[in-house]
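# Chains, contacts and geometry: an overview
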Amino acid sequence: DAGVIQSPRHEVTEMGQEVTLRCKPISGHNSLFWYRQTMMRGLELLIYFNNNVPIDDSGMPEDRFSAKMPNASFSTLKIQPSEPRDSAVYFCASSGEGVRGQPQHFGDGTRLSIL
Amino acid sequence: KQEVTQIPAALSVPEGENLVLNCSFTDSAIYNLQWFRQDPGKGLTSLLLIQSSQREQTSGRLNASLDKSSGRSTLYIAASQPGDSATYLCAVSGNQFYFGTGTSLTVIP
């Protein structure tokens, strides 16, 4: 059984560049979550989708961040332009029932470094 | 806003010892509470999920309890092993998910 797949695993880029993170959720899961993890702030929910529709994006830090889910098997998180303070580990997770009932399954994350 | 606290931040125990990790939350209006472990450089692995109507869940050497009215959950690990060394996080779900900052556990052989 394939788990949540994220790419790339590591990304190093210069400030001002566009960054695109990708996620493939577990087949059959209808909810997808994007998180950011830092030492200072811990794990923060950025946005989540239910049936490909964004439900809550209140955690998206600012307009430089955008997320899309064009179909049930793919999502992207884009940062444009990137800044050094965006450096963090970004996780994608999926579950079968939004926030209400089913366990979340996490990918291994993308470690992002903005120079 | 929901706040989730985990104490202690770090814990070191000898192999074989039973231990308890604590999680507290400020808003009792939750759907469920979930315990995860995170290994270095990895994502989170779900251990146990307790629905708001439940009091506890068990899986192998792990037992999680939930007291929603007092805003508390505990994760009990029996007969700890070096392989249990990891960071343990709890998360509560209301209108979204809120995570604690975790307890870093080291089990010494």
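Before reading further, recall that the structure is shown in the block above.
Residues numbered from 1 in each chain as written. Chains lettered and ligands numbered in written order. Predicted model: local features only at pLDDT ≥ 70, side-chain atom pairs only at ≥ 80, totals over all residues. Heavy atoms only, no water.

### Things to note about the interface of chain A and chain B
Between chain A and chain B, the contact holds 21 residues from the first and 18 residues from the second. Summing both sides of the interface, chain A and chain B together bury roughly 1,600 Å²; the carbon and sulfur share of this comes to 52%. Our count for the contact surface shared by chain A and chain B stands at zero salt bridges. Here chain A is connected to chain B by two residue pairs in polar contact (both at pLDDT 80 or more). Of all the secondary-structure elements, those providing two or more residues to the side of chain A that touches chain B are β4 (31-38) and β5 (42-50) of chain A. Classifying every residue of the side of chain A that touches chain B gives nine nonpolar, seven polar and five charged. (Contact = heavy atoms within 4.5 Å. Buried area = accessible area lost by both parts, 1.4 Å probe. Salt bridge = Lys/Arg side-chain N within 4 Å of Asp/Glu carboxyl O. Polar contact = N/O pair within 3.5 Å; in protein donor to acceptor, adjacent residues only side chain to side chain. Helix = DSSP H or I, 4+ residues; strand = E, 2+ residues; numbered from the N terminus. Nonpolar A, V, L, I, M, F, W, Y, C, P; charged D, E, K, R; others polar.)

### Regarding the packing of aromatic side chains
Per the counting criterion, the structure on display carries nine aromatic pairs over all chains. Their ring planes at 90° and their centres at 6.2 Å tell us that F106 of chain A and F99 of chain B sit as a pair that is edge-to-face. With F106 of chain A in strand β10 (residues 105-106) and F99 of chain B in strand β10 (residues 97-99), this residue pair bridges two chains. A single burial state applies to F106 of chain A and to F99 of chain B, both of which are buried. Grouped by ring-pair contacts, the aromatic residues F33, Y35, Y48, F91 and F106 of chain A together with F36, F97 and F99 of chain B constitute a single cluster. (Phe/Tyr/Trp six-rings, centres within 6.5 Å; stacked < 30°, edge-to-face > 60°. Buried < 20%, exposed > 50% of the residue type's maximum accessible area, 1.4 Å probe, protein only.)

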